[in-house]
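# Coordinates in review
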Amino acid sequence: MATKSVLTKVVVVGEGGVNVDQVTNALRPNVQSEFELVDVIFPQETLIRDVRIADPELIVADYKVGEQSILDVIDELAIQVPEASIIAIIPADDPVMAQQVTLAGARAFIVQPFTQVNLLSTLRRVRDLESRYISRRAAAGAKVAKRVVKTISVYSPRGGAGVSTIAVNLAIAMHELDVGEVILVGGKLFYGNLGLMLNIRSTNSLADLIPHVGNLDESLFHDVVVQHASGINVLLEPFDYQVSQGIRPQELYSVITAIQNQYSSVVIDAGSVLDENTVTLLDASDKIIVVLTPELVSLQNTKRFVEINRSLGYPLTKLLFVINRENRSGGLRNKDIENALGQPIFAQIPDDEPVATRSLNRGIPIIIRYPGNQVSKAFGNIASKITQLEVEQELI
């Protein structure tokens, strides 16, 4: 007798209507054979209890949730039911909501109107991405070994914090420590500026690797990756907005995995937008440098990211908090920031806006143009501390 396949359990949360009907129709057994619709739940006081009873692996949350805010609903679900991945349905006329639902804890989002094919494809992608973490979550008794940190993403939950500047200079600082071949990856798929910051003129980018995700070899990387005068390798972000829109998380993950097999150290400029592709970059990283500035809004956003960190399944030890522009006049004190986060500060980078501006305008990284500057010394210190870090790896 053939073994019956195990279906992925799905719960829909919403007040009803066209979106909920479309989801329930798409999940009918005569339409597909991978997912089981366990329940459709109206957001109310018993929401968390009802969802826990249903015990889903995936939750589809419609933005139409009565008088409640979809962001509050997702936030509560992400915190109270962290074992389930959330996919949000958002309206097409509210592009800001895409980032908001991700910040609230959604793993993915679907823009209305959507097709059954689009919905099922998204559910499969989230299910497959989540399967990568199952062994990690269940590995309490697994044998582990320690290895050096290989992949670092630089990210900030607030724009303008200096993520790209830190990523560029950190990559060069690590190269100067002779840790092997270092590659800087442009992970900001929209509005990235690594080429400008490094004065690199190239028509090749990460987008050129996407069509070859099944066969990424050394020769292909040699054709696409650019070597900077500092000695680091650089994979520029896509130049075309429409091309960036077409890059899927699984394709991006395949590219990063191939890069990790080719280079000794990987530094990713992950930007400040938290979407599915950014989460994929963070997933693939050993450590995440979380950049914040000594301002209340930046601190608040960082605290929010620490909360989201739980729904993403990362241990707090994966996050390295770095204060940029640390000695800025009127800024928050380091001790107050540590107390607010409940976590230690990994490193500080002093404020020197004139140097940073001149460096950016000339396309010459600070650490090269001003090697004796206090900011350059801070980058060297961060690189040195990172090379001393270790992460656990399961033994197969």
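Data block above holds the structure.
Residues numbered from 1 in each chain as written. Predicted model: local features only at pLDDT ≥ 70, side-chain atom pairs only at ≥ 80, totals over all residues. Heavy atoms only, no water.

### A closer look at the side chain of Thr122
Considering the arrangement of structural elements, one finds Thr122 in helix H5 (residues 116-137). Those residues in contact with Thr122, other than ones at most four positions away along the chain, are Ile87, Ala108 and Ile110. (Helix = DSSP H or I, 4+ residues; strand = E, 2+ residues; numbered from the N terminus. Contact = heavy atoms within 4.5 Å.)

### Digging into the packing of helix H10 (residues 249-262) against helix H11 (residues 276-283)
It is at 9 Å that the axes of H10 and H11 come closest, and there the two elements cross at 30°. With respect to H11, the element H10 is oriented roughly parallel. The handedness of the crossing between H10 and H11 comes out as right-handed. Counted together, Pro249, Leu252, Tyr253 and Ile256 of H10 and Glu276, Asn277, Thr280 and Leu281 of H11 form the full contact between these two elements. Looking at the contact of H10 with H11, its residues break down into five nonpolar, two polar and one charged. (Axes fitted to C-alpha atoms, helices over the stretch in contact; angles between N-to-C directions. Parallel < 35°, antiparallel > 145°, perpendicular 65-115°, else oblique. Left-handed = near helix turned anticlockwise from the far one by under 90°. Nonpolar A, V, L, I, M, F, W, Y, C, P; charged D, E, K, R; others polar.)

### Remarks on the packing of helix H6 (residues 163-176) against helix H16 (residues 374-387)
Their axes nearest at 9 Å, the elements H6 and H16 cross at an angle of 65°. The handedness of the crossing between H6 and H16 comes out as right-handed. On H16, the residues touching Thr165, Ile166, Asn169, Leu170, Ala173 and Met174 of H6 are Phe379, Gly380, Ile382, Ala383 and Ile386. Within the contact of H6 with H16, the residues separate by chemical class into eight nonpolar, three polar and no charged.

### With respect to the sheet that holds strand E13 (residues 319-324)
The strand order across the open sheet formed by eight strands is E9-E10-E8-E11-E7-E12-E13-E14, and the pairing between neighbours is mixed. Both edges of this open sheet fall to strand E9 (226-227) and strand E14 (345-349), since each of them pairs with a single strand only. Taken together, the four bridges between E13 and E14 define a ladder with parallel strand orientation. Residue pairing across strands places Phe321 opposite Ile345, the latter belonging to E14. Set on the sheet, H16 makes contact with strand E7 (151-155), strand E12 (287-292), E13 and E14; between it and E14 the angle comes to about 155°. (Pairing = 2+ DSSP bridges.)

### A few points about the pattern of salt bridges
Tallied over the entire structure, the rule returns 14 salt bridges. Here Arg158 makes a salt bridge to Glu295, at a shortest N to O gap of 4.0 Å. Of the two residues, Arg158 is situated in the loop between E7 and H6 and Glu295 in the loop between E12 and helix H12 (296-312); the sequence distance between them amounts to 137 residues. Under the relative-accessibility criterion, Arg158 is labelled partly exposed at 31%. Connected via shared salt-bridge partners are Arg158, Glu295, Arg328 and Asp351. (Salt bridge = Lys/Arg side-chain N within 4 Å of Asp/Glu carboxyl O. Buried < 20%, exposed > 50% of the residue type's maximum accessible area, 1.4 Å probe, protein only.)

### Observations concerning the nonpolar core
The tendency in soluble globular proteins is for nonpolar side chains to be buried as a group. Membership of the largest hydrophobic core comes to 42 residues, with the highest contact counts inside it found for Val154, Leu170, Leu184, Ile289, Ile382 and Ile386. For this core, the element with the most residues is H6, which contributes nine residues. In contact with Ile382, not counting residues within four places along its chain, are Leu170, Ile289, Val322, Phe346, Ala347 and Ile349. One finds Val13, Ile48, Val51 and Ala61 within the second-largest nonpolar core, a separate group that totals 25 residues. (Core = buried A, V, L, I, M, F, W, Y, C linked by side-chain atoms within 4.5 Å.)

### Description of the environment of Leu209
Inspection of the secondary structure assignment puts Leu209 in the loop between helix H7 (194-197) and helix H8 (218-224). Taking the C-alpha atoms as reference, Leu209 lies 8.0 Å from Phe221; in sequence the two are twelve residues apart. Aside from chain neighbours lying at most four places away, what touches Leu209 is Leu216, Leu220, Phe221, Val224, Leu235 and Val255.

### Description of the side chain of Ser153
Looking at the secondary structure, you find Ser153 in strand E7. With relative accessibility at 0%, the residue Ser153 sits in the buried group. A polar side-chain atom of Ser153 sits 2.7 Å from a polar atom in the side chain of Ser285. Excluding residues that lie within four positions of it along the chain, Ser153 makes contacts with Ile268, Ala270, Leu281, Leu282, Ser285, Lys287, Ile288 and Ile289. (Polar contact = N/O pair within 3.5 Å; in protein donor to acceptor, adjacent residues only side chain to side chain.)

Function cannot be read off these values alone, since they describe shape.
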